[in-house]
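A closer look at the structure
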Amino acid sequence: MVPPTSRRSETDPVSKHHHTALETLLSRASADTLVKPAPKGEELEAILSTAMRAPDHGKLRPWRMALVRGEARLALAERVVASMKRLDPNVPEQKIEKRRTRFSTMPLTIVLGMHLRPEDKIPLLEQQLAVGAAAMNILNALHAEGYGGLWVSGDIAYDPELATELGFPPPHALAGFIFVGTPEKDRETPKRRSVAPYVADWTGAPVSFEADKQ
């Protein structure tokens, strides 16, 4: 452990930057109600570029991001509704309208695709995890720049026909959709749960977690 006397002071630029970055990560939360503007141009490119820093065994870069904006939002919403009806002919009309509204009005939707290589030596699970890590980098970057993001999935994310319509035919697949915009109003960050129940020291025997005992 670094002795307290040798640590950088809070007035040191490097230390201050580190503190700010950590606080940003600790304050991130999903934003459900999003309005314009969404990032665009070089700002959006920089945010999406954080995906390229995700852990990626084998350097396969399996993440793919299709951006849906403007009039294309209406077309995406109708494809989503068609998928819902295909998966469940008895889907409630209320659920249909809710999804149609969300997909057609979000300032920006990122269709998160997984470009998978089943034949590669890298296990599929690790390829999928890399996509998840890339998505988390994007969500953190959105928050850091003052925007909001919400990663959604649901049954439609596992519909191979919808995935094909969006450009991800088997063996590729969808990892969900990231809604992007500006939070409609400032809101308090939800209370963060303690991490303690999810952490344990391994000392030679199988670990157990307090979180699993609740």
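What counts and how
- Residues numbered from 1 in each chain as written.
- Predicted model: local features only at pLDDT ≥ 70, side-chain atom pairs only at ≥ 80, totals over all residues.
- Heavy atoms only, no water.
- UniProt positions renumbered as here; feature names shortened; annotations may be inferred.
- Helix = DSSP H or I, 4+ residues; strand = E, 2+ residues; numbered from the N terminus.
- Axes fitted to C-alpha atoms, helices over the stretch in contact; angles between N-to-C directions.
- Parallel < 35°, antiparallel > 145°, perpendicular 65-115°, else oblique.
- Left-handed = near helix turned anticlockwise from the far one by under 90°.
- Contact = heavy atoms within 4.5 Å.
- Nonpolar A, V, L, I, M, F, W, Y, C, P; charged D, E, K, R; others polar.
- Phe/Tyr/Trp six-rings, centres within 6.5 Å; stacked < 30°, edge-to-face > 60°.
- Buried < 20%, exposed > 50% of the residue type's maximum accessible area, 1.4 Å probe, protein only.

Per an unreviewed UniProt entry, the recorded name for the chain is Putative NAD(P)H nitroreductase, and the organism is Acetobacter sacchari. Of the chain, the UniProt comment under Sequence similarities (unreviewed entry) reads exactly: "Belongs to the nitroreductase family."

Here the UniProt feature "domain: Nitroreductase" (unreviewed entry) sits at residues 39-181. Structurally, residues 39-181 comprises 45% helix and 19% strand, and the distance from its first C-alpha atom to its last is 7 Å.

This part covers the packing of helix 3 (residues 72-87) against helix 4 (residues 93-105). Where helix 3 contacts helix 4, the two axes come as close as 7 Å, and the packing angle between them is 155°. Considering the angle they form, helix 3 stands roughly antiparallel to helix 4. Both helix 3 and helix 4 take part in a crossing whose hand is right-handed. Across from Arg73, Leu74, Leu76, Ala77, Glu78, Val80, Val81, Met84 and Lys85 in helix 3, the residues of helix 4 making contact are Lys95, Ile96, Arg99, Arg100, Phe103, Ser104 and Thr105. Each residue belonging to the contact of helix 3 with helix 4 can be placed in one class, and the counts come to eight nonpolar, two polar and six charged.

On to the packing of aromatic side chains. For the structure shown, the criterion picks out two aromatic pairs. Ring plane angle 90° and centroid distance 5.1 Å describe the contact between Phe103 and Phe177, whose orientation is recorded as edge-to-face. Of this pair, Phe103 sits in helix 4 while Phe177 sits in strand 5 (residues 173-183), and the two are 74 residues apart along the sequence. For the residue pair Phe103 and Phe177, the accessibility class agrees, reading buried in each case. Judged by centre distance (5.1 Å) and plane angle (80°), the ring pair of Phe103 and Phe179 falls under edge-to-face. Of the two residues, Phe103 sits in helix 4 while Phe179 sits in strand 5, which places them 76 residues apart along the sequence. Accessibility assignment for this pair places Phe103 and Phe179 in one class, buried. Ring pairing ties together the aromatic residues Phe103, Phe177 and Phe179, which thus form one cluster.

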